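One-letter residues, chain by chain:
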Amino acid sequence: MPKRLDDLYHSFFKEQDFNELKLSMEENHRILIDRLSKEDRKTVLRIIDALGMICNYQSKASFIQGFGLGMELTTEESQSILGTGLLCRLWKALSATSCPHHERKQEQLRLLHLQEVW
């Protein structure tokens, strides 16, 4: 599953344009590098690489969390059609009536069934 999510991430990922930020970062990087020793330059490059990796991992983690949320919403929607979803159960528990969303879906299913019969 992680490979499949990784493939999905790469197929939907769209590189964002942060040209002003990139130019500013490169300019400030050059200024800093000019003032540092060779050993300090390597340290700065390691920091920049680590920040890039953190951004990549965070982006992928956000995608996976969003994908999981989408799956939960899809599951909730399919369960609400059957009247077993969390929202339907909460509605029924808090009120003496059936969930209006559930009733509307049930009516749609009844109409579809009647159309198939005729």
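Before any of the text, the structure's been laid out above.
Along every chain, residues carry numbers that run from 1 in the direction the sequence is written. Reporting in this predicted model follows two pLDDT cut-offs: at least 70 for local features of residues, and 80 or more for side-chain atom pairs to be given and counted; totals over whole chains, interfaces and linings ignore these cut-offs and use all residues. Heavy atoms throughout the structure, all of them, feed into the side-chain values; hydrogens and water do not.

Chemist: Would you mind going over the overall build of the protein with me for this structure?
Modeler: Looking only at helices and strands, the protein has five helices and zero strands in total. For the protein, the succession of helices and strands along the chain, N to C, is α-α-α-α-α. Counting only residues that meet the buried cut, the protein has 10% of its 118 residues in that class. It only takes one pair of heavy atoms within 4.5 Å for two residues to be counted as in contact. Taking the intrachain contacts of the protein between residues at least 6 apart in sequence as the baseline, contacts between residues at least 24 apart amount to 37%. Each accessible area is a Shrake-Rupley result for a 1.4 Å probe, and residues are judged covered by the shown protein chains and nothing else. As displayed, the protein offers around 10200 Å² of accessible surface, 62% of which is attributable to carbon and sulfur atoms. Under the scheme used here, helices are H or I runs from DSSP no shorter than 4 residues and strands are E runs no shorter than 2 residues, and both carry numbers assigned from the N terminus. Burial classification: accessible surface area is computed with a 1.4 Å probe over protein chains only, and a residue below 20% of its type maximum counts as buried, one above 50% as exposed, and the rest as partly exposed.

Chemist: How should I be thinking about the layout of surface pockets in this particular structure?
Modeler: Take a probe with the size of a water molecule and roll it over the atoms, and the empty space left behind shows itself. With a 1 Å grid laid over protein atoms only, a set of points is called a cavity when a 1.4 Å probe fits there but cannot get out and a pocket when it is open yet has protein on both sides within 12 Å along at least five of seven lines; lining residues have an atom within 4 Å of a point. Grid points are joined across faces, edges and corners, and a volume is the space filled by probe spheres set on the points. Looking at the largest pocket, its volume works out to about 680 Å³. Surrounding the largest pocket, 18 residues form its lining, E15, F18, K22, G52 and C55 being those nearest its centre. Mapped onto the lining of the largest pocket, the elements with two or more residues apiece are α2 (19-35) and α3 (38-82). No other element matches the eight residues that α3 contributes to the lining of the largest pocket. For the lining of the largest pocket, the per-class residue count stands at nine nonpolar, six polar and three charged. Under the scheme applied here, ten amino acids are nonpolar (Ala, Val, Leu, Ile, Met, Phe, Trp, Tyr, Cys and Pro), four are charged (Asp, Glu, Lys and Arg), and all others, including Gly, are polar.

Chemist: I keep staring at a nonpolar patch on the surface and nothing clicks. Help me out?
Modeler: Each patch is built from residues lacking any salt bridge and having more than 30% relative accessible area; the joining distance is 9 Å for like charges and 5 Å for nonpolar side chains (Val, Leu, Ile, Met, Phe, Trp, Tyr). In the sections that follow, a salt bridge refers to a side-chain nitrogen of Lys or Arg positioned within 4 Å of a carboxyl oxygen of Asp or Glu. Side chains of I47, L51 and I54 sit close together on the surface and give an oily, nonpolar patch of about 300 Å² of accessible area. Relative to the assigned elements, I47 resides in helix α3.

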